[in-house]
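Structural characterization, general
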Amino acid sequence: MNNNSFLKKIIFALTIVFIVSCDRDFNEVGADIIEDDIHFDMEQYIASAVAYDMPAGVPSSVVQTNNLTVNSLGVYDSPVFGKTTANFVTQVQLGTENPTFENPTIDTVYLYVPYHSNLESVDAQGAGTYTLDSVYGNTQAKLRLRIYRNGYFLRTSDPGSSASAGQKYYSNELSMVDAVKGEVLVDDSNFIFSNKEIERKFINGSGASEVKERLAPGIYYELNKDYIKTLIMEAPAGKLLNNNIFRDYFRGLYFNVEQVGTDGVMAMPKFNEGKIVIHYKVDRVDTEGNPVEGENGETERLSRTLTLNLQGNTVNFFENNYNTAFTSAIGASNQVAGDEKLYVKGGAGSMAFIDILSSADIDFLKAGGNTLINEANLTFYVDQSAMAAAKNEPYRLFLYDVKNKRPLFDYYFDTSTNTVNSKYNKLVHGGILEKSADGKGYRYKIRITNHVNNIIRKDSTNVKLGLVVTESIGLIGNSAIKEPFTLDNGVKTQQVSTIPSASVMHPFGTVLYGSNIPAGSPDYDKRVKLEIFYTKPN
């Protein structure tokens, strides 16, 4: 009885430790170097891994950027990669189709696009204090923000392809939208991504100003009432009948930014939650459409609200002015021997490719039969010298099967979740940035045990692997590369026509040590490694 009790306590304690370790706060995960795992009764083997980088499209980085889950707006100047300007265009839809207006007058009309923010506190008057998330660079940097009525119709399908083919728009096609832009609705040369709560006020009966509505921080502008009345309330007959017609009539909004001064800032507003809100009054009418008079003999007026949602097709455009060192590096890849450095950049940037497990590696691991791969990790070390001036680093890398355009089996096998931040789900599969004591990025480790096991034990195809930055590990869709290219390492070829969409959404990049580092170099131990722990039958 005593032994059983003691055993139960040990099992319970180990269970708690396991649960806590799998669900640790994501800040702790990325805060310090994670020590190397300890393995007992296993053999260690360092297998070959040839890694090199390429632009996301040859000869220049041009990728599909329509209908992304996350979109950027602003100017971000990286000391490592160069400057990127992100502009955005979106369609607009009626919240209520086929609205009718009886002698309308607009009280207020405003445009609102919320930011990612956290409410920190609320004072006695109900005013909130917020901190912003997903805003990068100098948060006080000014931009010139102009918001136009979009004049370019964003198609859903491609008329030049099959009926089921969706229309593709690419990162470098801003000129086609800019050339036919409509009226300017907002022109603000002092725009900043402010963390201030938005207070919508009105003048009460006593002539005092009161807060009518509080909104979380975001892009907020009151629009010209006469223009909106003409555009919406006085629209030609049938233009508001349904959203298919309305999207062609009011083709949406075009958000254009321009850097002011030398500092830059880029954010990821919640465009999908953006809206134009029209508060207006109309005459009250009876069932036959006749005005209804009030006690004072005048026609009664009713308050109404019409919302136009920033929904439908969208495109994020990137204007890149990349540093020569970056473009030269990705333009001189060695697909046979590998590169000394890997430049992995989000947006319309660059990616890395890795060939693992030579035929000699596979023969060695298969020798004797029934080899069990207990653990296999691909490790990428950050070139801290190259990244010393970078203020932002990608928090995560994503490894995928280039041929089949999908994650590895280890991705699907890992069901671990993080209750604080879903971006840190699949902790076991990894790819999360580990930091040294000075807070700078140190390395990324990605566990591919099941992938290697399938190659060694089940004769699965040893596919080429792709490495990109990712905005969210849960997003695994793909975006087209405008100019597909073919990889050729002298053994086999592989066409590359897509890149994971989550990489296109992410604004940052990193410089990693590659595989082609001379044995005498002080950085030799930081080369890309495929570390395998295995056991073989006695």
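Refer to the structure above for everything that follows.
Cut-offs and rules
Residues numbered from 1 in each chain as written. Predicted model: local features only at pLDDT ≥ 70, side-chain atom pairs only at ≥ 80, totals over all residues. Heavy atoms only, no water. Helix = DSSP H or I, 4+ residues; strand = E, 2+ residues; numbered from the N terminus. Buried < 20%, exposed > 50% of the residue type's maximum accessible area, 1.4 Å probe, protein only. Pairing = 2+ DSSP bridges. Phe/Tyr/Trp six-rings, centres within 6.5 Å; stacked < 30°, edge-to-face > 60°. Salt bridge = Lys/Arg side-chain N within 4 Å of Asp/Glu carboxyl O. Polar contact = N/O pair within 3.5 Å; in protein donor to acceptor, adjacent residues only side chain to side chain. Core = buried A, V, L, I, M, F, W, Y, C linked by side-chain atoms within 4.5 Å. Contact = heavy atoms within 4.5 Å. Axes fitted to C-alpha atoms, helices over the stretch in contact; angles between N-to-C directions. Arc of directions from axis to C-beta.

Notes on the environment of Gln140
- Summarising the element assignment, Gln140 is placed in the loop between β9 (135–137) and β10 (143–149).
- When the C-alpha atoms of Gln140 and Asp263 are compared, they prove to be 8.8 Å apart, with 123 residues separating the residues in sequence.

Some thoughts on the pairing of strand β2 (residues 49–55)
- Judged by how many residues are buried, β2 sits mostly within the fold: 6 of 7 residues are covered.
- One ladder, built from 7 bridges, connects β2 with strand β21 (residues 350–356); its direction is antiparallel. Its bridge partner being in β21, Ala51 is matched across the sheet by Ile354.

Some words on the packing of aromatic side chains
- The final tally for this structure, using the stated rule, is 27 aromatic pairs.
- Relative to Tyr343, the ring of Phe81 has its centre 6.3 Å away and its plane inclined at 90°; by these criteria the two rings are edge-to-face. On the criterion of sequence distance, the pair formed by Phe81 in the loop between β3 (73–78) and β4 (82–90) and Tyr343 in strand β20 (residues 341–345) is long-range, its members being 262 residues apart. The pair Phe81 / Tyr343 is uniform in exposure class, with both members buried.
- A centroid spacing of 6.1 Å and a plane angle of 75° characterise the contact between Phe398 and Tyr411, whose relative ring orientation is edge-to-face. Here the residue Phe398 occupies a position in strand β23 (residues 397–401), and Tyr411 occupies one in helix α8 (residues 409–413), the gap between them amounting to 13 residues.

What to know about the pattern of salt bridges
- Within this structure, the stated rule accounts for 18 salt bridges.
- Taking the shortest distance from any N to any O, the salt bridge between Arg144 and Asp187 comes out at 2.8 Å. You can see Arg144 sitting in strand β10 and its partner Asp187 sitting in strand β11 (residues 184–191), a full 43 residues away along the chain.
- Overall, Asp187 belongs to the partly exposed group, its relative accessible area being 45%.

With respect to the side chain of Thr470
- Tracing the sequence through the fold places Thr470 in the loop between β27 (465–469) and β28 (478–488).
- By relative accessible area, which is 2% here, Thr470 ends up buried.
- Within the structure, Thr470 has its side chain in polar contact with the backbone oxygen of Ser472 (distance 3.0 Å).

Digging into unusual backbone geometry
- Positioned with a positive phi, Leu357 is a non-glycine residue whose angle comes to about 60°.
- By secondary structure assignment, the location of Leu357 is in the loop between β21 and α7 (359–366).
- For Leu357, a relative accessible area of 4% puts it in the buried group.

As for the nonpolar core
- By size, the foremost hydrophobic cluster in this structure holds 45 residues, and its most contacted members are Ile354, Leu357, Leu378, Ile448, Leu530 and Ile532.
- When residues of this core are assigned to their parent elements, the largest contribution, 4 residues, is made by strand β22 (residues 372–381).
- Once you skip the residues sitting within four places of it in the chain, Leu378 turns out to touch Ala49, Ile354, Ile356, Leu399, Tyr444, Lys445, Ile446, Ile448, Leu465, Val528, Lys529 and Leu530.
- By size, the runner-up hydrophobic cluster in this structure holds 44 residues, among which are Leu94, Ile106, Ile147 and Val186.

Looking at the sheet that holds strand β17 (residues 275–283)
- Spatially, the 5 strands line up as an open sheet ordered β5-β18-β17-β6-β14, and their pairing is antiparallel. A single partner strand is all that each edge strand has here, and the edge strands are β5 (93–94) and β14 (218–222).
- In terms of strand pairing, β5 meets strand β18 (residues 301–309) through 2 bridges, oriented antiparallel. Residue pairing in the sheet places Gln93 in a bridge with Asn309 of β18.

Some words on the sheet that holds strand β1 (residues 43–47)
- Pairing is antiparallel across the open sheet formed by 5 strands, whose spatial order is β1-β31-β22-β26-β25. Lying at the two open borders of the sheet, with one neighbouring strand each, are β1 and β25 (430–435). Each neighbouring strand pair of the sheet contributes to a mean axis angle of 25°, computed without reference to strand direction.
- Note that β25 and strand β26 (residues 441–447) share 4 bridges and pair antiparallel. Residue Gly430 lies in a different strand from β26, and its bridge partner there is Ile446.
- Running at roughly 165° to β1, α7 makes contact with β1 and β31 (529–535) of the sheet.

Describing the environment of Ile46
- Turning to its location among the elements, Ile46 is positioned in strand β1.
- For Ile46, a relative accessible area of 38% gives the class partly exposed.
- Note: C-alpha distance between Ile46 and Arg214 (168 residues apart in sequence) is 58 Å.
- If sequence neighbours within four positions are ignored, Ile46 has contacts with Arg527, Leu530 and Glu531.

Things to note about helix α4 (residues 225–233)
- Within α4, the full set of buried residues consists of Ile228, Leu231, Ile232 and Met233. Looking straight down α4, one finds its buried side chains confined to an arc of 155°; they lie on one side.
- Looking at the buried residues of α4, the elements they touch are β6 (105–114), β10, α5 (243–249), β17 and β18.
- Capping of α4 at its N-terminal end is provided by Asn224; its side-chain oxygen lies 3.0 Å from the backbone amide nitrogen of Asp226.

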